[in-house]
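Take a look at the letters that make up each chain.
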Amino acid sequence: MHAINDKVFITSVLNPNMRVFDVVMCTEYGTSYNSYVVVGSDKTALIDANHATFSHEWLEKVDEALGGGKPDYLVLNHTEPDHSGCVAACLKRYPELEVVCSAAAAINIKHITNLPELEPRVVKDGESIDLGGLTLQFVSAPFLHWPDTMFTWIPEQKLLFSCDFLGAHFCEPRLFDHKIVFARDYTTAFKEYYDAIMAPFGPWVAKGLDKLEALDPEVVAPSHGPILTKRGRLATGIEHYRAWSAVPAADTPRKISLFYCSAYGNTQKLAAAIATGIRKALPEARVCAHDLVDADMAHLGAELNSSDAFLLGSPTLNRDAVPPIWNLVAEIDAVNIAKRPVAFFGSYGWSGEALPALSERLATLKAAVYEPQFRVRFVPSENELDAAEEFGAEFARSLE
Ligand SMILES: Cc1cc2nc3c(=O)[nH]c(=O)nc-3n(C[C@H](O)[C@H](O)[C@H](O)COP(=O)(O)O)c2cc1C
Ligand SMILES: [Fe+2]
Ligand SMILES: [Fe+2]
């Protein structure tokens, strides 16, 4: 049985084969669903549950950690089903168990377990439960990454259960940071996890870090990936989260990005001319044009989401914008895109549906859709390229 110390056992289940998480996130390195058993002198608590698929395996581990005893509490730091999918099975096995969670989580868990009689013990920020020699202290951490999220802190051990915060979809059998074998892969997985799960909640990440640093933990045990220790990778992880969640300084040059596809180079020519126009109008801006074919979508999605304004360029093929552009649109951080200026351009042959379709979608996402769209029939002429440059300049001036 793996353990953090003689009172905290690790009941994590490894899923090395997972390749997609939550439909949207590619997970090249699998994952672990971490959970823990904390044994006090009077009471015992489970920290987080598991994915429903692994109910059986998880309950076996819990049994082993309990050594024949019964748990008193099940702390749910967050109710996403990768951690709550076996709560119902757990309650069936241990009917006396008291579920402990935030107010938001209490509502969610009723709908997840479909147990209307379930009445969790709702805890607020700062409340605690005495296990005998060990205290569970609850730290509200909303939007990291659901409204329900909290951390659980054991002051006697300076140990923080941080839920998804500082986690990674990464799966190595030795569960601690100082035992990682493929360190570069872990670094990649840690960043990808941040981008996919935490990035939309930058200000909340900063608040979570403030709380975490005030506690000054020796060990941070997240709900996915390796456990982080002070002598291992904890400081680096915190440093990364600080940098990634930082608000750019007011004098940071604006970033304006163009994303386009082009089957025959026509939309590409427009992209180049529009970029020139933007640069002339806003010489201090950082302007970058990205061809989507063969590009890494997750990377380009991050580029788009960190742009102050952006443009989407697509030809019309079979009455629509092309799939890579839609794939990029799917990477948009819908939580934070509202009011972000976006313009559209592209070449078409006869019907030209691409730009209206994209514009409609971005309007639904509440971006600040710029009018007019810039479209050209087939191959742009010299005049049309000049007009494209002027279109870029106009768009740039509209941002001032
Ligand atoms: C397979 C295919 C389907 C197309 N379907 C449409 C269409 O439905 N409506 C339209 O306006 N143009 C259509 N076109 C014409 C393209 O939009 C036009 O060739 C455009 O100039 C391509 O721009 P690009 O070089 O940037 O890819 C189609 C072209 C191809 C190759
Ligand atoms: Fe989650
Ligand atoms: Fe999770």
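See above for the structure.
Residues numbered from 1 in each chain as written. Chains lettered and ligands numbered in written order. Predicted model: local features only at pLDDT ≥ 70, side-chain atom pairs only at ≥ 80, totals over all residues. Heavy atoms only, no water.

Caption draft 1: Seen up close, the overall build of the protein. Of regular secondary structure, the protein possesses 12 helices and 23 strands. Taking the principal axes of its C-alpha atoms as reference, the protein extends roughly 80 × 40 × 40 Å. Within the protein, residue pairs in contact and separated by at least 24 positions form 71% of the contacts whose partners lie at least 6 positions apart. Between the averaged position of the 35 positive side-chain charges in the protein and that of its 52 negative side-chain charges there is a distance of 1 Å. (Helix = DSSP H or I, 4+ residues; strand = E, 2+ residues; numbered from the N terminus. Contact = heavy atoms within 4.5 Å. Lys, Arg positive; Asp, Glu negative; His and termini not counted. Charge placed at Lys NZ, Arg CZ, Asp CG, Glu CD.)

Caption draft 2: Just the coordination of the iron ion (ligand 2), in detail. Surrounding the iron ion (ligand 2) are the protein donor atoms His-78 (NE2), Glu-80 (OE), His-145 (NE2) and Asp-164 (OD), at 2.0 to 2.2 Å. Binding-site remark: the iron ion (ligand 2) is held by donors from one chain whose sequence spacing is H-x1-E-x64-H-x18-D. The two metals, the iron ion (ligand 2) and the iron ion (ligand 3), are separated by 3.3 Å and share Asp-164 as a common coordinating residue. Placement of His-78 in the loop between β9 (73-76) and α2 (81-84) and of His-145 in the loop between β13 (135-140) and β14 (150-154) is noted, with a sequence separation of 67 residues between them. (Donors = N, O, S within 2.8 Å, 3.2 Å for Na, K, Ca; no water.)

Caption draft 3: Geometry of the packing of aromatic side chains. Considering all chains together, one arrives at 18 aromatic pairs under this definition. Counting every residue linked through ring pairs, the aromatic cluster contains Tyr-29, Phe-151, Phe-165, Phe-170, Tyr-186, Phe-190, Tyr-194, Tyr-241 and Trp-244. Residue placement shows Lys-207 over the ring face of Trp-204; its charged tip is 4.2 Å from the ring centre. (Phe/Tyr/Trp six-rings, centres within 6.5 Å; stacked < 30°, edge-to-face > 60°. Lys NZ or Arg CZ within 6 Å of the ring centre and 35° of its normal.)

Caption draft 4: Quick look at the coordination of the iron ion (ligand 3). Within the protein, the atoms that donate to the iron ion (ligand 3) are Asp-82 (OD), His-83 (NE2), Asp-164 (OD) and His-224 (NE2), at distances of 2.1 to 2.4 Å. Angles of 83 to 170 degrees at the metal separate the four donor atoms of the iron ion (ligand 3), which places the site in the irregular class. (Tetrahedral: all angles 85-135°; square planar, octahedral: opposite > 155°, others 65-115°.)

Caption draft 5: Quick peek at the sheet that holds β14. The six strands lie next to each other as β12-β13-β14-β15-β16-β17, forming an open sheet whose pairing is mixed. Of all the strands in the sheet, the pair left with one neighbour each is β12 (128-130) and β17 (228-229). Where β14 meets strand β15 (residues 159-163), three bridges bridge the pair, whose relative direction is antiparallel. The residue bridging Trp-153 from the neighbouring strand is Leu-160, located in β15. The sheet strands contacting helix α6 (residues 202-215) are β13, β14, β15 and β16 (219-222), and the helix crosses β13 at an angle near 150 degrees. (Pairing = 2+ DSSP bridges. Axes fitted to C-alpha atoms, helices over the stretch in contact; angles between N-to-C directions.)

Caption draft 6: Summary view of the packing of α6 against helix α7 (residues 234-245). The geometry of α6 relative to α7 is characterised by a closest axis approach of 9 Å and an angle of 150 degrees between their N-to-C directions. As judged from the angle between their axes, α6 and α7 are roughly antiparallel. For α6 against α7, the interelement crossing comes out left-handed. The residues of α7 that touch α6, namely those facing Gly-202, Val-205, Ala-206, Leu-209, Asp-210, Leu-212 and Glu-213, are Ile-238, Tyr-241, Arg-242 and Ser-245. (Parallel < 35°, antiparallel > 145°, perpendicular 65-115°, else oblique. Left-handed = near helix turned anticlockwise from the far one by under 90°.)

Caption draft 7: Spotlight on the site of ligand 1. Lining the immediate environment of ligand 1, one finds 19 residues, of which Ser-262, Ala-263, Thr-267, Thr-316 and Ser-347 sit closest. A distance of 2.6 Å separates an oxygen atom of ligand 1 from a polar atom in the backbone of Thr-316. Here Gly-352 contributes a backbone N or O atom positioned 2.8 Å from an oxygen atom of ligand 1. Protein burial of ligand 1: of its 640 Å² of free accessible surface, 84% is covered by the chains. Secondary-structure elements contributing two or more residues to the shell around ligand 1 are α8 (266-281) and β21 (341-348). Among the residues making up the shell around ligand 1, the classes are represented as seven nonpolar, 10 polar and two charged. (Near = heavy atom within 4 Å. Polar contact = N/O pair within 3.5 Å; in protein donor to acceptor, adjacent residues only side chain to side chain. Areas by Shrake-Rupley, 256 points an atom, 1.4 Å probe, with all protein chains shown as cover. Nonpolar A, V, L, I, M, F, W, Y, C, P; charged D, E, K, R; others polar.)

Caption draft 8: Expanded view of the pairing of β15. A large share of β15 lies buried, amounting to five of its five residues. Burial along β15 is two-sided: the residues Leu-159, Phe-161 and Cys-163 and Leu-160 and Ser-162 are all buried. Pairing geometry for β15 and β16, over four bridges, is parallel. Bridge pairing in β16 links Leu-160 to Val-220. (Buried < 20%, exposed > 50% of the residue type's maximum accessible area, 1.4 Å probe, protein only.)

Caption draft 9: Spotlight on the pairing of strand β20 (residues 309-313). Most of β20 is tucked away, with five of its five residues classed as buried. Alternating positions in β20 separate into two faces, Ala-309, Leu-311 and Gly-313 on one and Phe-310 and Leu-312 on the other, with burial throughout. Here strand β18 (residues 255-260) pairs with β20 via five bridges, running parallel. Bridge pairing links Tyr-260 to Gly-313 in β20. In terms of strand pairing, β20 meets β21 through four bridges, oriented parallel. Paired with Gly-313 across the bridge in β21 is Phe-345. Handedness of the β20-helix α10 (residues 323-330)-β21 crossover: right-handed. (Right-handed = clockwise from strand over helix to strand, strands pointing away.)

Caption draft 10: Examining the sheet that holds strand β8 (residues 44-47) more closely. Reading across the sheet, the seven strands line up as β1-β2-β7-β8-β9-β10-β11 and stay open at both edges, with mixed pairing between neighbours. In this open sheet, the two strands that pair with only one neighbour each are β1 (3-5) and β11 (121-122). By the bridge criterion, two bridges tie β1 to strand β2 (residues 8-10) in an arrangement that is antiparallel. Paired with Ala-3 across the two strands is Phe-9, which belongs to β2. Set on the sheet, helix α1 (residues 55-66) makes contact with β2, β7 (36-39) and β8; between it and β8 the angle comes to about 150 degrees. Of the strands in this sheet, β9, β10 (98-101) and β11 are in contact with helix α4 (residues 103-113), which crosses β10 at around 130 degrees.

Bear in mind that shape data such as this cannot, by itself, settle questions of function.
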